[in-house]
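Coordinate analysis (summary)
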Amino acid sequence: MKISRKEVEHVATLARLNMSEEELERMTVQLDTILSYVDKLNELETTGVAPTTHAFSINNAFREDEMQESLPVKEALANAPKENGEAFVVPKII
Amino acid sequence: MNSYELTISQARTALDNKELSSRELTSSCLERIRSVDDTVHSFISVTEKEALQQADAADREIAQGTVAQLCGIPFSLKDLLCTRGVTTTCGSKILENFVPPYDATVVEKLKEQGAVILGKVAMDEFAMGSTSETCVFTIPENPWNPGFVAGGSSGGSAASVAAMECLGSLGSDTGGSIRQPASLCGVVGLKPTYGRVSRYGLVAFASSLDQIGPLTRDVTDSAMVMNGISGYDKRDSTSVKQDIPDFTNALSEGMKGLRVGIPREYFGAGLDGEVAGVVERAIQLLRDAGAETVEVSLPHTEYCVAVYYLIASAEASSNLARYDGVVYGYRDQNAESLIDMYRETRSNGFGDEVKRRILIGTYALSSGYYDAYYKKASQVRTLILNDFQKAYESCDLIISPVTPTPAWRRGAHADDPLALYLSDILTISANLAGIPGLSVPGGFSSDGLPIGIQLQGPHFQEEVLLKAAYNLELGTELGNRCPEI
């Protein structure tokens, strides 16, 4: 096994996902299949190969720090599941 | 003839000659949507009122004189392009009621040119899929044979164009999501070079791979839409400051002086015989048009699916962390603590495929596994990129199939995600390498399902692809074909 049920449970916690028993079972089998397949990459020797995170090199995109209009508060809050007119409202944290 | 049957270039001429108004053209498309969308199921939302207003505005502009090329032309948009004031769902319950306060840059560009937006079309949830079957709201059918998939993730875009519900559509391509549905539905789909088109306002899936592009009924229209959407945008720091050619200038007959590479790895086991036959014929058409053909090798092709599903999932797990029920989108209202709200919101808001990729991505980036998975995949990505660079030393473009098979029946891979992932093997590399790729109709299977031809080129060489596609279209005469619906 490439990944255990316990590890899937741990990763789900990191990703803030709840999993039912049935989902955990299924995801463990599917993730195991996928990770076993991905193991194929170990056939290749990659010592010293630079990783690519961007398909071609671009330099840092700097710009002047200029004042610009931003989204009005009302519009920014328009999609909020819960708000109080000036802020997003979430369940109590402490 | 109904005006919805016109290509963009034909409609442009008719509009400019005042033989047709944009209101007539738009009404014709809206009528077409009413009559066939019960069968095709492309649209998640139709914005009829706004579309007619945009058409009237276009007609006023046309009456005053010269207009932009896309003025008055009706489009559909994949439902992950933000549209100000119009719901943008990304095919997901978690964004079911999301109404963006701004337009994506490409939408802004279409509007500035006076284009008409008919509505938003179906896609796999968060663009993760190859069939559009994970869309929560509607699942598009293949217009050539309902019961078969339209492909994905831009399945609604391809189906709406093929069914002639619109003249063109914008989709996005992270691992083949424009080219594959274009191939399965018999239309032209172009994934531009990474950075050619601004991604601002595109709901992000895998930011180093995502690119927006056109789906159209012929190659000329593809070039026209590319003219309308390309260019640097200060709001997307990965968009590139490059001169934008007039892409329609590339559309000329004859392939003399061009070398077409045939990658042996793309013609291996698992390739359907009819697909192979259609590609062989296309190669011959390009030879007949004067092209030279050379065999090339892309030796790391067999690793691209593994690389892709690690990198795309890793980026997705990070991008989708924003869906937490706080600022926009769905929120589970029953949770009492903040953490529970995050967990309930995400668990109820995301579908299975999205969760699966978030889990793979989170795992690949997690402590102790990062080097073995994410870093390893990024290193092999370099090898794939190098393969293309080497291949382009001996050719100007590469020809291949788009998918190993024509469209398959709905539900065929429901319990086997890996089998479905493997069907993307021929399109994924272009995203990993950031190069442009195009799918143009090449023929049909014995079941009457379309089969596309894929053309890939070096960075920023979309013109070479458009030229070759144009020559193929002259040979196959498969531009602007419509199935019986």
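Residues numbered from 1 in each chain as written. Chains lettered and ligands numbered in written order. Predicted model: local features only at pLDDT ≥ 70, side-chain atom pairs only at ≥ 80, totals over all residues.

Counting its regular elements, chain A contains 3 helices and 0 strands. The secondary structure elements of chain A, listed N-terminal to C-terminal, are α-α-α. Taken over C-alpha atoms, the radius of gyration comes to 23 Å for chain A, far larger than the 12 Å a tight globule of 94 residues would show. If you line up chain A on its principal axes, its C-alpha atoms span 55 × 45 × 25 Å. (Helix = DSSP H or I, 4+ residues; strand = E, 2+ residues; numbered from the N terminus. Rg over C-alpha atoms; globule rule 2.2 N^0.38 Å.)

What follows concerns the overall build of chain B. The helix and strand tally for chain B stands at 15 helices and 11 strands. Taking 23 Å as the expected radius of gyration for a compact globule of 485 residues, we find that chain B reaches 21 Å, a close match to that expectation. With the C-alpha coordinates aligned to their principal axes, the bounding extent of chain B is approximately 65 × 55 × 45 Å. With 485 residues in all, chain B has 62% of them scored as buried. (Buried ≥ 20, exposed ≤ 12 C-beta atoms within 10 Å, placed from the backbone.)

Residues and elements named next belong to chain B. Residue placement: Leu-81 occurs in the loop between β2 (74–78) and α4 (105–112). Judged by the 26 C-beta atoms lying within 10 Å of it, Leu-81 is buried. Between the alpha carbons of Leu-81 and Gly-201 there is a distance of 6.0 Å; along the sequence they are 120 residues apart. Excluding anything up to four places from it in sequence, Leu-81 contacts Ala-104, Val-106, Val-107, Leu-170, Gly-201 and Leu-202. (Contact = placed C-beta atoms within 7 Å.)

Contacts between the two partners involve 54 residues from chain B and, on the opposite side, 40 residues from chain A. When contributions to the side of chain B that touches chain A are tallied by element, the ones reaching two or more residues are α9 (304–319), α10 (338–349), α11 (352–365), α12 (371–391) and α13 (417–422) of chain B. For the side of chain B that touches chain A, the per-class residue count stands at 29 nonpolar, 14 polar and 11 charged. (Nonpolar A, V, L, I, M, F, W, Y, C, P; charged D, E, K, R; others polar.)

Now for helix α2 (residues 22–40) of chain B. The α-helix winds at 3.6 residues per turn, so residues separated by three or four positions along the chain end up facing the same way. Residue and element names in this part refer to chain B. Along α2, the sharpest kink reaches roughly 40°, centred on Arg-34. Every buried residue of α2 is listed here: Ser-22, Leu-25, Thr-26, Cys-29, Leu-30, Arg-32, Ile-33, Asp-37 and Val-40. The inward-facing, buried residues of α2 contact α1 (8–16), β1 (43–46), α3 (48–64), β2, β3 (116–121) and α5 (155–162). His-41 sits one or two residues past α2 and shows a positive phi near 60°. (Bend = angle between axes of the 7 residues up to and from the residue.)

Take α5 of chain B next. All names here are of chain B. Within α5, 8 of the 8 residues are buried, which leaves it mostly tucked inside the rest of the structure. All buried positions along α5 are accounted for by Gly-155, Gly-156, Ser-157, Ala-158, Ala-159, Ser-160, Val-161 and Ala-162. One or two positions beyond α5, positive phi appears at Met-164, with a value near 60°.

With 167 residues, the main nonpolar core has Phe-75, Val-307, Leu-310 and Ala-469 of chain B as its most contacted residues. Once residues within four sequence positions are removed from consideration, Leu-310 of chain B is found in contact with Val-38 of chain A together with Ala-364, Tyr-373, Tyr-374 and Ala-377 of chain B. (Core = buried A, V, L, I, M, F, W, Y, C linked by C-beta atoms within 7 Å.)

Moving on, we come to unusual backbone geometry. Peptide bonds are trans in most cases, and residues, glycine excluded, mostly fall at negative phi. All names here are of chain B. Each neighbour pair has its own omega, and for Gly-152 with Ser-153 the value is 10°, a cis peptide bond. Positive phi outside glycine occurs at Cys-90, with the angle close to 60°. Following the sequence through the fold, Cys-90 ends up in the loop between β2 and α4.

Residue and element names in this part refer to chain B. Most of strand β11 (residues 450–456) is tucked away, with 7 of its 7 residues classed as buried. Burial along β11 is two-sided: Pro-450, Gly-452, Gln-454 and Gln-456 and Ile-451, Ile-453 and Leu-455, pointing in opposite directions, are all buried. As judged from the 4 bridges shared by strand β9 (residues 397–401) and β11, these two strands associate in the antiparallel manner. Across the sheet, Ile-399 pairs through a bridge with Leu-455, a residue of β11. Where strand β10 (residues 437–444) and β11 come together, 7 bridges link them in antiparallel fashion. Each bridged residue has a counterpart across the sheet, and for Gly-443 the counterpart in β11 is Ile-451. (Pairing = 2+ DSSP bridges.)

What follows concerns the confidence of the model for chain B. Of the residues in chain B, 100% reach a pLDDT of 70 or more, and the chain-wide mean stands at 97. Interface confidence for the predicted complex, expressed as ipTM, amounts to 0.96; the pTM equals 0.97. (pLDDT = per-residue confidence, 0-100.)

All names here are of chain B. Strand order in this open sheet of 11 strands is β1-β3-β2-β4-β6-β5-β10-β11-β9-β7-β8, and the pairing throughout is mixed. With partners counted over all chains shown, the strands left at the sheet margins are β1 and β8 (292–296), one partner each. Neighbour-to-neighbour, the strand axes of this sheet turn through a mean angle of 30°, independent of strand direction. Sitting on the sheet, α2 is in contact with β1, β2 and β3, with an inclination near 20° to β3. (Axes fitted to C-alpha atoms, helices over the stretch in contact; angles between N-to-C directions.)

Attention shifts here to the environment of Thr-293 of chain B. Residue and element names in this part refer to chain B. Relative to the assigned elements, Thr-293 resides in strand β8. What makes Thr-293 partly exposed here is the crowd of 16 C-beta atoms within 10 Å. When the C-alpha positions of Thr-293 and Gly-261 are compared, they lie 5.9 Å apart, and in sequence the two are 32 residues distant. When residues no more than four places from it in sequence are discounted, the contact partners of Thr-293 are Val-260, Ile-262, Ile-283 and Arg-287.

By secondary structure assignment, the location of Lys-92 of chain A is in the segment after α3 (73–77). Distance in space between the C-alpha atoms of Lys-92 of chain A and Ala-50 of chain A is 46 Å, their sequence separation being 42 residues.

Here we take up the packing of α9 of chain B against α12 of chain B. Any two packed helices are characterised by how steeply their axes cross, that is the angle between the axes, and by the distance between the axes. All names here are of chain B. Where α9 meets α12, the closest approach of the two axes is 9 Å, and the angle between their N-to-C directions is 125°. Judged on the interaxial angle alone, α12 and α9 are oblique. Here α9 runs over α12; the crossing is left-handed. The residues of α12 that touch α9, namely those facing Cys-304, Val-307, Leu-310, Ile-311 and Ala-314, are Tyr-373, Tyr-374, Ala-377, Ser-378, Val-380, Arg-381 and Ile-384. (Parallel < 35°, antiparallel > 145°, perpendicular 65-115°, else oblique. Left-handed = near helix turned anticlockwise from the far one by under 90°.)

The next subject is the confidence of the model for chain A. The pLDDT averaged across chain A works out to 93; a share of 98% of its residues lies at or above 70. Summarising per-element confidence for chain A, the mean pLDDT is lowest in helix α2 (residues 21–38) of chain A (95) and highest in helix α1 (residues 5–14) of chain A (97).

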